[in-house]
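Each chain is listed here by its residues.
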Amino acid sequence: MNSLYSRLVLEYSRARRHAGALGAPTHSADGANPLCGDAIRVELRCDGAHVAEFGFSGESCAVATATASMLGDLVGGRGREEIEALAGRFERLVETGGEDPGLGPLNAMRALRDHPSRRKCALLPWATLRAALAGRASATTEGNPRMTDVSAPFRFRPATPGDVPAIVALVESAYRGDASRQGWTTEADMLDGQRTDPAGVAEIVAKSDGLVLLAEDDSGILACAQIETVAGDGGATAGYFGMFSVRPAQQGAGVGRAVLAEAERIARGRGCTEMQMTVISIRDELIAWYERRGYRRTGRYKPFPYGDERFGIPKRDDLRFELLVKPL
Amino acid sequence: MTSARDAFDVARIRADFPILSRRVHGKPLVYLDSANTSQKPQAVIDAVDRFYRETNANVARAVHALGEAATSAYESARDKLARFVNATTRDEVVFTSGTTQAINTVAYSYVLPRLSPGDEILVTRMEHHANIVPWQLVAARTGAKVVPAPITPSGELIVEEFVARLNPRVKIAGVTHVSNVLGTINPIRELAKACRARGIPLLVDGSQAAPHLRVDVQALGCDFYALTGHKLFGPTGTGILWARREHLAAMPPFFGGGEMIRTVSFDGTTFADAPHKFEAGTPNIAGFVGLGAAIDYVNEVGLDTIGAVERDLLAYATEALKSVPGLRLFGEAKEKAAVLSFLIDGVHAHDLATLLDQEGIAVRSGHHCAHPLMQFFGVPATARASLAFYNTRDEVDALVAAIAKVRKLLA
């Protein structure tokens, strides 16, 4: 009758795996979807930093119940930041309908791509789980369909020379070393060494035709991106978008998407008719992220600066940059 | 009545509504969500289209030919609506964006200045949020409170309980003419009589009544009557507040701006008379021209015919739904419009609505902007099929067949 109500979804919804109250929860939260009146309670028993047991209760539709059942299977043994990253991936899955092997049976919710009005049903258990982990007592899907934490909005500002050390640290944390593996932008398997250095960042911040855009909240800088004006094809003015980094723990929460949108807005304001960027060509996941936001591969490549350790120490010899372009 | 129904040619009526011939998910559309918004006949679509093609200009300002024609088309809609609700004069008809704006106008212009701490606003348990929240907002500013009158499990207002709550602290009563969830038709005349005897003004939310039954504000004896155009086969963003002339004269403007003034200076501004005093800014001109066409259309079909056809459909649909195992019907008032709220054991309303949609059947699911009523029944949501005179018994059969399919899948 409908691909959303697949055999898998119906099975999980009927089985109500992980349904019921936990004996001695360490974390709990109540979630509500004001749109339909559904309410769900999530209780957790955490063992140190990891979820040892997950339980849910409440009355909800088949989509929410199946999601909660599947979620209980997925989160056992995982820590908060890992779960935050998975939440972002789940959100992408229901929006784009793309596959994500790491999400297991939750891939059944890909069908929600064609049911935007029902996405909140599947987001409700996630939002409630995230609230419980964050120590908040309640969660709502209202006005918050992307599950971004409304209690911590961020703001934009241009970087100043004083921000350089923090920017360098942010860029490194997003791409290099084990810390970056928390997020999905990591290049740890491709490159060692540094991604950039203080001198390089200071040079970019000081450029007169450039701008380093920062997104920050009360906890500090969440994301950065470099916006420059360059010559486009046929004498057009183009924007160049680079040095894009989001704090690994915040990835998948919509911060990056907002930074990209703000950068495009700024570029348009400067009269740019397109935005350009370069991406390491083997990073399919990253390229797909840009493609979902209107960027197209051009098949035009730039060599990777092998031998220049300012850009890192490659672990493989087939790296090159591909130019991506989006008309503004 | 029977003869009106027998003479009724539903195929001809359906041909007047272009959207009814479209398909959804490859199936013929079965539109059972008219209480949410009604579909629009070609006559309304044409009136809006023609206005923009041939007449478009601003109203009450321009002296050129188009301005005169636009003003005349717009104001003739007021005449039609005045007759439609049987107002004493056309000046009692204030154009609003819908029922919500109409009720807010009364809440802020009429009620707020009269409220003191401890005062009460009496409503019923079955009200739409539009007839609860505006009252709560003005009550919160003044220390007054909103009091609900109870209903029976079958969804009827308990009139004695309502009357018992009409004490001297009550500054206004607000009651829906027809419940959007239950279909219950409230005994407005009786309630108005009780209010009037105690000097308490009564506002009636007519959103769900106007499309289905004859509204006569003088016979009803209420003080304010609000209705919305988009449920009455007209465009969205249209509606009226009807109010007794003396109330409108005593009320200060709600919004300020152009069109509602007589003279403006920085020493002070004098306001136009009602209804223009309440119509600041350029209105939804084409929308009201379309609403005028909708009134013409309804009059042409005839409210008696509409009422008879819908009563027949309601009886048929009620029987049909009751035959579905595990189906619980909400609202079984003796006087009822063609609205059927229901739940099926083991099936969530949202799952039901999504699956019915796959069969081309549009129903609403959710709380229907009536949280207090959902709390009364102890459910978070219901599914609701709401019928109009363009619906058919075949469509009811399609609904029942699709429900059986859903039950097999989910229950």
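Residues numbered from 1 in each chain as written. Chains lettered and ligands numbered in written order. Predicted model: local features only at pLDDT ≥ 70, side-chain atom pairs only at ≥ 80, totals over all residues.

## Looking at the overall build of chain B
Argument step 1. Across its full length, chain B holds 15 helices and 17 strands.
Argument step 2. Here the C-alpha radius of gyration of chain B, 22 Å, is about what a compact globule of 411 residues would show, namely 22 Å.
Argument step 3. Its C-alpha atoms give chain B principal-axis dimensions of about 70 × 55 × 40 Å. (Helix = DSSP H or I, 4+ residues; strand = E, 2+ residues; numbered from the N terminus. Rg over C-alpha atoms; globule rule 2.2 N^0.38 Å.)

## Focus on the overall build of chain A
Argument step 1. Of regular secondary structure, chain A possesses 8 helices and 13 strands.
Argument step 2. In terms of C-alpha radius of gyration, chain A reaches 21 Å, essentially the compact-globule figure of 20 Å for 328 residues.
Argument step 3. Per-residue burial for chain A yields a buried fraction of 40% across its 328 residues.
Argument step 4. The long-range fraction of contacts in chain A, counting pairs at least 24 apart against all pairs at least 6 apart in sequence, stands at 65%. (Buried ≥ 20, exposed ≤ 12 C-beta atoms within 10 Å, placed from the backbone. Contact = placed C-beta atoms within 7 Å.)

## Observations regarding the packing of helix α1 (residues 7-15) of chain A against helix α2 (residues 62-75) of chain A
All names here are of chain A.
Argument step 1. Their axes nearest at 8 Å, the elements α1 and α2 cross at an angle of 80 degrees. In this view, α1 runs roughly perpendicular relative to α2, as classed from their interaxial angle. For the pair α1 and α2, contact is made by V9, L10, Y12, S13 and A15 and by A62, T65, A66, S69 and M70, respectively.
Argument step 2. Classifying every residue of the contact of α1 with α2 gives 7 nonpolar, 3 polar and no charged. (Axes fitted to C-alpha atoms, helices over the stretch in contact; angles between N-to-C directions. Parallel < 35°, antiparallel > 145°, perpendicular 65-115°, else oblique. Nonpolar A, V, L, I, M, F, W, Y, C, P; charged D, E, K, R; others polar.)

## Points about the domain arrangement of chain B
Accessible area lost on assembly of the parts is the figure often given for the size of an interface.
All names here are of chain B.
Argument step 1. The domain architecture assigned to chain B consists of domain 1 (2-31 + 302-406) and domain 2 (45-299).
Argument step 2. Averaged C-alpha coordinates put domain 1 and domain 2 at centres separated by 28 Å.
Argument step 3. Of the residues lining the interface, 22 residues belong to domain 1; the matching set on domain 2 comes to 24 residues.
Argument step 4. Mapped by element, the contributors of at least two residues to the side of domain 1 that touches domain 2 are α12 (303-322), β14 (339-344) and α14 (371-377).
Argument step 5. Among the elements that take part in the side of domain 1 that touches domain 2, α12 stands out by supplying 4 residues, more than any other.
Argument step 6. For the side of domain 1 that touches domain 2, the per-class residue count stands at 13 nonpolar, 4 polar and 5 charged. (Domains from an automatic or database assignment.)

## Details of the domain arrangement of chain A
Residue and element names in this part refer to chain A.
Argument step 1. Domain boundaries in chain A define domain 1 (7-140) and domain 2 (155-327).
Argument step 2. For domain 1 versus domain 2, the separation of C-alpha centres amounts to 32 Å.
Argument step 3. Across the contact, 8 residues belong to domain 1 and 8 residues belong to domain 2.
Argument step 4. Split by residue class, the side of domain 1 that touches domain 2 holds 2 nonpolar, 2 polar and 4 charged.

## Things to note about the interface of chain B and chain A
Argument step 1. Across the contact, 14 residues belong to chain B and 14 residues belong to chain A.
Argument step 2. Within the residue set of the side of chain B that touches chain A, elements represented by two or more residues are α13 (349-358) and α15 (393-410) of chain B.
Argument step 3. For the side of chain B that touches chain A, the leading source of residues is α13 of chain B, giving 5 residues.
Argument step 4. Across the side of chain B that touches chain A, the residue classes tally to 6 nonpolar, 6 polar and 2 charged.

## Comments concerning helix α5 (residues 99-111) of chain B
Argument step 1. Counting buried positions over the 13 residues of α5 of chain B gives 12, a clear majority of the element.
Argument step 2. Among the residues of α5 of chain B, those classed as buried are T99, T100, Q101, A102, I103, N104, T105, V106, A107, S109, Y110 and V111 of chain B.

## So, the sheet that holds strand β17 (residues 382-386) of chain B
Residue and element names in this part refer to chain B.
Argument step 1. Judged by pairing direction, the sheet is antiparallel, and its 4 strands sit side by side in the order β13-β14-β17-β16 without closing on themselves. The sheet terminates laterally at β13 (327-330) and β16 (364-366), the two strands that pair on one side only. Within this sheet the neighbouring strands show an average axis-to-axis angle of 30 degrees, counted without direction. (Pairing = 2+ DSSP bridges.)

## Regarding the sheet that holds strand β13 (residues 320-327) of chain A
Residues and elements named next belong to chain A.
Argument step 1. Spatial ordering of the open sheet is given by β5-β7-β8-β9-β10-β13-β11, a layout of 7 strands whose pairing is mixed. Sheet topology places β5 (155-158) and β11 (296-303) at the edges, where each strand pairs with a single neighbour. Mean inter-strand twist for the sheet, computed between neighbouring axes without regard to direction, equals 30 degrees.
Argument step 2. Where β11 and β13 come together, 5 bridges link them in antiparallel fashion. Directly across from P303, in β13, lies its bridge partner R320.
Argument step 3. Lying over the sheet, helix α8 (residues 284-292) contacts β10 (274-280), β11 and β13, oriented at roughly 165 degrees with respect to β10.

## A few points about the nonpolar core
Argument step 1. Ranked by size, the top nonpolar core spans 170 residues in total, and within it L202, F224, Y225, W242 and V289 of chain B carry the most contacts.
Argument step 2. No other element matches helix α4 (residues 119-134) of chain A, which puts 10 residues into this core.
Argument step 3. Those residues in contact with W242 of chain B that lie beyond four places of it in its chain are V85, A87, E92, V93, V217, F224 and Y225 of chain B. (Core = buried A, V, L, I, M, F, W, Y, C linked by C-beta atoms within 7 Å.)

## As for the environment of H115 of chain A
Argument step 1. You can see H115 of chain A is positioned in the loop between α3 (80-96) and α4.
Argument step 2. Judged by C-beta crowding, with 18 C-beta atoms within 10 Å, H115 of chain A ranks as partly exposed.
Argument step 3. Sequence-wise, H115 of chain A and V94 of chain A are 21 residues apart; in three dimensions their C-alpha atoms are separated by 9.0 Å.
Argument step 4. Each residue touching H115 of chain A, except ones within four places of it in the same chain, is listed here: L4 of chain A together with T354 of chain B.

## As for unusual backbone geometry
Argument step 1. Cis geometry marks the peptide bond from A274 of chain B to P275 of chain B, where omega comes out at 5 degrees.
Argument step 2. Tracing the backbone shows P275 of chain B in the loop between β12 (268-271) and α11 (285-301).
Argument step 3. The phi dihedral of R16 of chain A is positive, around 45 degrees, even though this residue is not glycine.
Argument step 4. Considering the arrangement of structural elements, one finds R16 of chain A in the loop between α1 and β1 (27-33).

## Some words on the environment of A19 of chain A
Residues and elements named next belong to chain A.
Argument step 1. Secondary-structure assignment places A19 in the loop between α1 and β1.
Argument step 2. Given 14 C-beta atoms within 10 Å, A19 falls into the partly exposed group.
Argument step 3. Each C-alpha atom of the pair A19 and V42 lies 9.3 Å from the other, and the pair is 23 residues apart in sequence.

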